[in-house]
Each structure stands twice: as structure tokens, then as C-alpha cells.
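# Report on the structure
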Amino acid sequence: MMEKGNDKDKITVKVFRFDPSVDDEPRYELYDVPYEPGMRVMDALLHIFRNHTNLGFRYGCTWSRCGSCAVNVNGEPALACARKAEDGMTVEPLKNFPIVRDLIINFDEYNKKRSMIRPFIQRSKPLVETYDLIPSAKLENLKDVSWCTRCLACVAACPVFEELRWKGYGGPAILNEVARWKFDPRDDGPRLRVAFDEGLFKCTSCNICKEVCPFEISTPDFVAERLRAIAVEDGLYLGKHKKNVESVRSYGNPYLEPPEKRTSWLTYVHPSNDATVLLWLGCTPSYRVQNMATATVDVLNKLAVPYAYLGNNERCCGSFLLRTGFRDDFMTEARATIEAFRRTGVDTILTSCAGCYRTFKKDYPVIFNDFNFRVLHISELLAEKLKESNIRLSRSWNLKLAYHDPCHLARHVGVYEPPREIIRRLPGVQLVETGKSRRYSRCCGAGGGVMSGYPEIASVIASKRIKDMLQVGAEAIVSACPFCELNLTKTISDFGTNMKVYDLTELVAKALQDS
């Protein structure tokens, strides 16, 4: 605890210690460190080294540019020179790497991978001039990736890398390195083939890399999606993805389902002709997670929320197409979707699908300058509606729930509190949080086309997420994304547990049923 006395204030720091050459197993040691306002983790490590023990750690530029000093602080990757020191913090080496000593990790495998991709400009023709300028119009993509310091915090946090460890997947840092040269117009090396072989289509688009990156480089947005789009143009894509794309072209959904079956689950719906809100259910709730679609409609009807609904005329929002690189098909679907929105005369789009929500909320406004619709996730609407005094949630659950933050809803857009506010209002429900929640929530493994392209990877990652929930005593999982629900439900049967996976709207619908 913080000590206040005649000396300077002190903080206690817990540090991982392990020397493979002499130690049988790792240990943790506690150190008291004089505290000064504004001090960083690096300052604490330097004090320990100079006054207590020969602690092993990397020391670099001290201003966040060399990337040498990345460590785990309280379980989160961070640069020791940038992260503020705090009382009781635990400092460990980055995960998923061999340990040289204490906080020093072995970079050998990364360096081999980086050397293999030839990190320099490759030319098929010799340079004629003495210098080679990059046109300003070509600089934008380069700027987004050029800030990488190769600290490998992104690799340590990546859920896919945690499973594959360089075997067919180089992680965000290697993909970023490939993009750095592919986006340089002076380079004409075989970068796309390298990216494909290093797992370009294995990224789940979870965006944890951006959360831990000192410069907030988003591998899904700045690297994976851009490289995938170029790769698709070059004929490099997954066969499974192409089948889904062809289904969207023919049927308006990726599941080879006839358009007329989009509402086969629907027993009643009460759309309003003068509604300002359009309910958009999405392909996965309509065809694969129909309990979610049913509950969404049920809740809106019970709360008397006026809404319009396209029914069988609803098509794919294009999220899957954009994530997997089929950008031309995305543009076709997106334009048709926007026209459908305009024909209804609404000003707000409401959806319970996290993937559709992120696509409408972030992608459409960037790609289409005239997209001016308000976009709401169902959790945002319900959190506000349930605050009204005349709404009574009558069913009592007696249930311990763990909430799983969907990546597209949470990290991508920042919706963390509304789902939790709703859960706390449910009678008899105890909300428990795992050690990996909110900004640092573990991905379920389904996103970015991984569930369809590499189902075995999606399942292994989902199993770790389920273990997170079991470790905190959760009796059920609740989420707000059809892909998360689908992947977690498929995987949970392997655990021999009665744990169920609910969509948030299901719980609200059941709690309202006797109102």
C-alpha cells in the first residue's frame, strides 16, 4: 500500500522473476519504490535495478519510439517508458514469447519472420534517378502503418497468435510490416503472397491490437482489410469466403438461403407506416440465430416502440464482404441498402447485430459522404427505455451472468455500459466480470471471416473465452452479437456444462413477458 512518512511516498511493485539457466520455475518478488508524481513503470524498474537486484529488462529511448521496453502491466501490454506507475502494479514479460531473463523476451522468431519478408524496397527495375519521390496521394496508407515501433505488444495480445505462435500466422506486427512495403508505390515485391501465407485471412478483426498499441494502429482497419481488398483483386482469397460472397450475390445473404425465408421465424410484427426508426435485423439473426430476431421484435412490440421493417426485402449489410476483402460486392450491397433506407423515410437505423451496427456506424459514413442516418444498437435504445418509471421487469432469474463484450460493438465503437446497465436492471441477476472484459475483453474468435474460413481457430479461441466465464463462476453467458452467440454456443458443448448463451434481448423479452 502507499506509505506516507518522513521519506518520499512509496509504492509496492510486484515483479516477475525467472532465469531459465538457473531457476526451476518463475516467481514474483515485491519491491518498495519511492514514488514521485508522473513517474513511469520504467522509473520503478530502474530503481529496483539500481537499489535492490540485478533485474533483467530492456531499456531504450524512454520516449515511446524504439519499442524496446514493452512489458505486461497488470495483464495489459504497455511500454514501460510510457505507462504511469501505480501502487500494487504487477509487471511481467509480454506473453506468448520465450523468456531470456525476467522481463526480457526472445525476439528471435519475430526477427526471422521479418527477415524472411525482406523489409526493404524491392524493385524489378533499377532506379534511374538518384532519388525516388512518393506522390502525396499515395502517402495516406503509408502514414497509417509507419508509426509501428515493433514493440510486439500487439502480438502479445492477439488471440490468434496466442494459438498459432508463428505457425502460419505472423501476427499484427508482421502483417503491418508487409503492408508497410506493399503500400509503398516504389516497391513491387511479392508482398500479397507473403501476407496470405502469414495468415492475412486469420485476423478476427477484434482490434485488441489497437488498444495496446502506443500509436493506436488498428491492424483490422489499416492493414488487414486494405491488404485483403488488394489480394482479392489479385485472385488471392479463401474458397469458403468466395462461396459466401456468391450467395450474397444470388440470395442477398451469405447462407445460401432464399430471400423469402428471411422472415420464416416471424409470427407477428407490428411495423408502423410513419415510424422514424427502421429495424434492421441482419442475415445471421434472420437465418441462424432466430431467437435473437424473435426477441428483438418481441421487446420492441412490448415497449411500444414504433418501427419500420423491410422484411424479405432486407439484404446483407455488407459487413462480411468488407471484412474479407470483397470491396466491389460490398459497394453494391451498401448502395442498395442505403436506397432502401431512403425509401422508408426514416432517420434512424436500429439493429441488434453488432456486425451490422459497426458497419452502419463506422464504415458507411466514411465511404458514403451522404450517409446521414442515426445508427443505434438495440442495447443503447433499451438502456434508455428501461429507465422509464412505468416499465416493469417482473421475472426474477436467480442467475449469475457474465457479459461478453462483442468486439464490433465494444472496442470498435465504444458501447460498453448500455448492455451492463440493462443486465443490472434484471431482477435476480448477478453480473460478474472476467479478468478480460471491456477494452481488453477476449475475442470469441468468430469475426473477420474466421468462423467461416478457419472454424477450428474460431472454436479454440471460443473455448478460452468460455473458460474465462467458468473461472468467475458464471452460470450463463450473455452477449449482444449473433456471431458471438453462434460461436460460443457451438463450442460450449465440448465443456460438459449446462451453461447457456443468451442474447441480451432474450433476457429483456423474458423479463417483460408478464408485465
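Reading the values: the criteria
- Residues numbered from 1 in each chain as written.
- Predicted model: local features only at pLDDT ≥ 70, side-chain atom pairs only at ≥ 80, totals over all residues.
- Heavy atoms only, no water.
- Helix = DSSP H or I, 4+ residues; strand = E, 2+ residues; numbered from the N terminus.
- Expected span 1.5 Å × (residues − 1).
- Buried < 20%, exposed > 50% of the residue type's maximum accessible area, 1.4 Å probe, protein only.
- Arc of directions from axis to C-beta.
- Contact = heavy atoms within 4.5 Å.
- Core = buried A, V, L, I, M, F, W, Y, C linked by side-chain atoms within 4.5 Å.
- Pairing = 2+ DSSP bridges.
- Axes fitted to C-alpha atoms, helices over the stretch in contact; angles between N-to-C directions.
- Salt bridge = Lys/Arg side-chain N within 4 Å of Asp/Glu carboxyl O.

Attention now moves to helix α10 (residues 239–251). For α10, with 13 residues, the first-to-last C-alpha span of 18 Å sits near the 18 Å given by 1.5 Å per residue. Those residues of α10 that sit buried are His 241, Asn 244, Val 245, Ser 247 and Val 248. The buried residues of α10 occupy an angular sector of 155° when the element is viewed end-on, so they sit on one face. Among the exposed residues of α10, those oriented more than 90 degrees off its buried face are Lys 243 and Ser 250. Along its buried surface, α10 packs onto α13 (319–323), α14 (327–344) and α18 (450–453).

So, about the nonpolar core. Membership of the largest hydrophobic core comes to 172 residues, with the highest contact counts inside it found for Val 13, Phe 360 and Tyr 364. With sequence-adjacent residues up to four places away left out, Val 13 is seen in contact with Glu 29, Leu 30, Tyr 31, Val 33, Ala 44, Ile 48, Met 89 and Val 91.

Quick look at the sheet that holds strand β1 (residues 10–17) now. The strand order across the open sheet formed by 5 strands is β2-β1-β5-β3-β4, and the pairing between neighbours is mixed. Each edge of the open sheet is held by one strand with a lone partner, namely β2 (27–34) and β4 (76–79). Recorded for the sheet is a direction-independent mean angle of 35° between the axes of neighbouring strands. Where β1 meets strand β5 (residues 90–92), 2 bridges bridge the pair, whose relative direction is parallel. Across the sheet, the residue bridging to Val 15 is Val 91, located in β5.

Taken together, the 4 bridges between strand β12 (residues 399–403) and strand β13 (residues 429–432) define a ladder with parallel strand orientation. Within β13, the position partnered with Ala 402 by the bridge is Val 432.

Two side chains carrying opposite charge are able to pair once their charged atoms lie near each other. Going through the model one piece at a time under the given rule, you end up with 40 salt bridges. The residue Arg 180 makes a salt bridge to Asp 184 at a minimum N-O spacing of 3.6 Å. Residue Arg 180 is classed as partly exposed on the basis of its relative accessible area, which comes to 23%. In this structure, Asp 468 engages Arg 465 in a salt bridge whose closest nitrogen and oxygen atoms are separated by 3.1 Å. With a gap of 3 residues between them, Asp 468 and Arg 465 both fall in helix α19 (residues 455–471), about one helical turn apart. A network of salt bridges, in which partner residues are shared, links Arg 17, Asp 23, Arg 27, Glu 29, Arg 101 and Asp 102.

A separate point is the environment of Phe 49. Its place among the elements puts Phe 49 in helix α1 (residues 41–51). Residue contacts for Phe 49: discarding those within four places in its chain leaves Asn 54, Leu 55 and Phe 57.

This part takes up the sheet that holds β12. As summarised here, the arrangement of the 4 strands in space is β13-β12-β14-β15, forming an open sheet in which the pairing is parallel. The open sheet has two free edges, formed respectively by β13 and β15 (500–503), since each of these has just one partner strand. Strand after strand, the sheet turns through a mean of 35° between neighbouring axes, direction not considered.

In short, the description is geometric, and any link to function would need to be established separately.
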